[in-house]
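In case you want the letters, here they are:
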Amino acid sequence: MEKQAILAAIIDSSEDAIISKTIEGYITSWNQAAERMFGYREEEVIGKHISILIPKDRLNEEDMIIDCVRHGQRIQHFRTIRLRKDGHLLPISLTVSPVKSRDGSIIGASKIARDISELLAVQEEKARLYEQVRTLNDKKDEFIGLASHELKTPLTTIMASLQLTQRMLPDDTSHMIKNTLAKTKTHVDKLGYLITDLLDASKISSGEIELAVHPFDLNAMVTDVVNRLQKLYDSYTFRINGFASNYYMGDKTRLEQVMLHLLTNSIKFSPPGSMIYIHLSRLSDFIKISITDTGLGVDYAYQKKIFDTFFRVDEIQKQYPGIGIGLYISNQIIKKHKGTLWVESTIGEGATFSFTLPLKYNV
Amino acid sequence: MIKKIMICDDDEGILDITGLLLESFGYQVSLEPNSSLLIPRISSEKPDLLLIDIWMPSIMGDEIVRRLRKERETSSLPIIMFSASRESARIASEVGANDYIAKPFNIDDLNKKIVALG
């Protein structure tokens, strides 16, 4: 008797609606939560058919449920819609179990209904926010893409005009004018790289980057990039040693871009007059290129994060401005080639950026 | 040996300056800002090389190159495509252009590519 009283108390204090019915579907018990959830008082529903709670278009669900119960099966967490007394629809999660008599025959069913309207609202809100973030992110990429393309058109004219002016200069032009033009050209070049980087970052994050794969001489490409930089930054000394491959299948322009990023990073964070080492090596099925400087170094805590998009180490941002996408782009290009890019560094002692490229891969 | 170059770009600033730059290398240059007028001009002027932009309002550069490649007299005309988006390198090779250069370009690089096709 006491046990039954405890069970009755549990049922009445439950937040879930607990209802029992006969095998024919007539309601035999109804707890307080059921009153709150469906709006009917106990005396209004006892003896009524369960279909008063079922919207017309879902009446066939009851046949399916009764069928399972008759076969002794349990239905768990069945998400459906039920009808309140006031005509409102209510999303619920339903668990239905057969109720057996002492001799084991099935005489009815117990139903536990949980109101999931809040849960669904939260899920919907989450989905809406996710969609919003995704749309905004797409819009951002599209905007950067369009803006950088638009910026390049006048830049092309400026660049071409500068080159034309340089070519038209009389031989006796003063050194100062020649120098000024050369400096302007260097900065226009930089602006061009910056815009290209922005465009690349937007393309990479929207997954649009594609490689133009052709065979090329990787050793010669590295030497060429290093020589170009040596001319521009004559206070640094670049040393290349080793060999990688004179026949590599990959996107030459993209890999040149990686070399440029890594080398200009080394220059940026190393004092003038220092050495920058480029080491090329070839192992059985991949090649490895390392660039070592004796500059600022990268704190261990940031050694993974620096490859994230727009990541900048706060404390050095003021001294060394930049937008923080060079390493992100480089990492994505190396990944596209099925390789790996990483850094090893001790703060204050310099850094070694290395990447590997497999010699055989399917793009 | 390439002497006559036809340039097609809807941006007239780029068109003019690129023309002057190539003239400074001694090439004879024709300019066409409207891509829909390009094919008849190529038929009558018979340039040795075509330098063509990709994104243009009337007919896109890649479509022009596709059409030129189908015609017998232009099927092997040396063509360099130039554009501000780097993915255009793929477009250029797909439609059968001989080479590609990104905008903004370095004139010495462009000239090397032209000489190589001569």
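Calculation notes
- Residues numbered from 1 in each chain as written.
- Chains lettered and ligands numbered in written order.
- Predicted model: local features only at pLDDT ≥ 70, side-chain atom pairs only at ≥ 80, totals over all residues.
- Heavy atoms only, no water.
- Helix = DSSP H or I, 4+ residues; strand = E, 2+ residues; numbered from the N terminus.
- Buried < 20%, exposed > 50% of the residue type's maximum accessible area, 1.4 Å probe, protein only.
- Contact = heavy atoms within 4.5 Å.
- Areas by Shrake-Rupley, 256 points an atom, 1.4 Å probe, with all protein chains shown as cover.
- pLDDT = per-residue confidence, 0-100.
- Buried area = accessible area lost by both parts, 1.4 Å probe.
- Nonpolar A, V, L, I, M, F, W, Y, C, P; charged D, E, K, R; others polar.
- Axes fitted to C-alpha atoms, helices over the stretch in contact; angles between N-to-C directions.
- Parallel < 35°, antiparallel > 145°, perpendicular 65-115°, else oblique.
- Left-handed = near helix turned anticlockwise from the far one by under 90°.
- Patch = residues over 30% accessible without salt bridge, like charges linked within 9 Å, V, L, I, M, F, W, Y side chains within 5 Å.
- Salt bridge = Lys/Arg side-chain N within 4 Å of Asp/Glu carboxyl O.
- Polar contact = N/O pair within 3.5 Å; in protein donor to acceptor, adjacent residues only side chain to side chain.
- Pairing = 2+ DSSP bridges.
- Right-handed = clockwise from strand over helix to strand, strands pointing away.
- 1 Å grid on protein atoms, 1.4 Å probe; cavity = no way out; pocket = protein on both sides within 12 Å on 5 of 7 lines; lining within 4 Å.
- Points joined across faces, edges and corners; volume = space filled by probe spheres on them.
- Phe/Tyr/Trp six-rings, centres within 6.5 Å; stacked < 30°, edge-to-face > 60°.

**A closer look at the overall build of chain B**
When you go through chain B residue by residue, the secondary structure sums to five helices and five strands. Walking chain B from its N terminus toward its C terminus, one meets helices and strands in the order β-α-β-α-β-α-β-α-β-α. Taking all 118 residues of chain B together, the buried fraction comes to 52%. The contacts of chain B with a sequence gap of at least 6 include a subset with a gap of at least 24, amounting to 59%. Total accessible area computed for chain B in this model is approximately 5200 Å², and 50% of it derives from carbon and sulfur atoms.

**Looking at the confidence of the model for chain A**
Averaged over every residue, the pLDDT of chain A is 88; the share at 70 or more is 94%. Within chain A, helix α9 (residues 314–317) of chain A has the poorest average pLDDT of any element, 64, and strand β9 (residues 275–282) of chain A the best, 95.

**Observations concerning the interface of chain A and chain B**
Taken together, the contact pairs 24 residues of chain A with 19 residues of chain B. Summed over the three residues of chain A that lose the most area to chain B, namely Thr156, Leu164 and Arg167 of chain A, the buried surface amounts to 26% of that side. Those elements that place two or more of their residues in the side of chain A that touches chain B are α5 (117–168), α6 (175–205) and α8 (252–268) of chain A. With 13 residues, α5 of chain A is the largest single contributor of residues to the side of chain A that touches chain B. Its residues assigned to classes, the side of chain A that touches chain B comprises seven nonpolar, nine polar and eight charged.

**Considering the packing of helix α2 (residues 38–45) of chain B against helix α3 (residues 61–70) of chain B**
Residues and elements named next belong to chain B. Where α2 meets α3, the axes come as close as 11 Å, and the angle between the chain directions of the two elements is 40 degrees. As the angle between them shows, α2 and α3 are arranged oblique. Note on packing geometry: the crossing formed by α2 with α3 is right-handed. Contacts between α2 and α3 involve Leu38, Ile39 and Ile42 from the former and Ile64, Arg67 and Leu68 from the latter. Within the contact of α2 with α3, the residues separate by chemical class into five nonpolar, no polar and one charged.

**A look at a nonpolar patch on the surface**
A surface patch of nonpolar side chains, amounting to about 280 Å² of accessible area, comprises Ile6, Leu7 and Ile10 of chain A. With respect to the helices and strands, the residue Ile6 of chain A is situated in helix α1 (residues 2–13).

**Notes on the side chain of Ser30 of chain B**
All names here are of chain B. With respect to the element layout, Ser30 can be found in strand β2 (residues 28–32). On the basis of relative accessible area, Ser30 is assigned to the buried category, the value being 18%. Separated by 2.8 Å, the side chains of Ser30 and Glu45 make a polar contact. When sequence neighbours within four positions are dropped, the list of residues in contact with Ser30 reads Ile5, Met6, Ile7, Arg41 and Glu45.

**So, the sheet that holds β9 of chain A**
Residue and element names in this part refer to chain A. Strand order in the open sheet formed by five strands is β7-β9-β10-β12-β11, with mixed pairing between adjacent strands. The open sheet is flanked by β7 (237–242) and β11 (340–346), the only strands paired with a single partner. When the angles between neighbouring strand axes are averaged without regard to direction, this sheet yields 15 degrees. In this structure, strand β10 (residues 286–293) lies alongside strand β12 (residues 350–358), joined through seven bridges in antiparallel fashion. What sits directly across from Ile291, in β12, is Phe353. Against the sheet, α8 engages β7, β9, β10, β11 and β12, with an angle of about 25 degrees to β10.

**Brief notes about the environment of Gly25 of chain A**
By the secondary structure assignment, Gly25 of chain A is in the loop between β1 (17–22) and β2 (27–30). Remark: the alpha-carbon pair of Gly25 of chain A and Glu62 of chain A, spanning 37 residues in sequence, is separated by 8.5 Å.

**As for the pairing of strand β4 (residues 79–83) of chain B**
Residue and element names in this part refer to chain B. Along β4, five of the five residues are buried, which leaves the element largely enclosed by surrounding structure. Here β4 shows no split at all, with Ile79, Met81 and Ser83 on one side and Ile80 and Phe82 on the other all buried. The sheet contact formed by strand β3 (residues 49–53) and β4 spans four bridges and is parallel. The partner of Ile52 across the bridge, within β4, is Met81. For the crossover from β3 across α3 to β4, the handedness is right-handed. Bridge count for β4 against strand β5 (residues 99–102) is four bridges, and the pairing is parallel. Across the sheet, the residue bridging to Phe82 is Ile101, located in β5.

**Things to note about empty space enclosed by the protein**
Residue and element names in this part refer to chain A. Taken as a whole, this structure holds one cavity of 30 Å³ or more when the rule is applied. By volume, the largest cavity amounts to about 50 Å³. Elements represented by at least two residues in the lining of the largest cavity include exactly β4 (89–100) and β5 (106–115). In terms of residue class, the lining of the largest cavity is made up of seven nonpolar, no polar and two charged.

**Things to note about the packing of aromatic side chains**
Within the structure shown, the criterion is met by four aromatic pairs over all chains. Arranged with centres 6.4 Å apart and planes meeting at 80 degrees, the rings of Phe307 of chain A and Phe353 of chain A form a pair that is edge-to-face. Of this pair, Phe307 of chain A sits in the loop between β10 and α9 while Phe353 of chain A sits in strand β12, and the two are 46 residues apart along the sequence. For the pair formed by Phe307 of chain A and Phe353 of chain A, the shared burial category is buried. When the ring of Phe82 of chain B is compared with that of Phe105 of chain B, the centres are 6.0 Å apart and the planes differ by 50 degrees; the resulting orientation is tilted. On the criterion of sequence distance, the pair formed by Phe82 of chain B in strand β4 and Phe105 of chain B in the loop between β5 and α5 (107–116) is long-range, its members being 23 residues apart.

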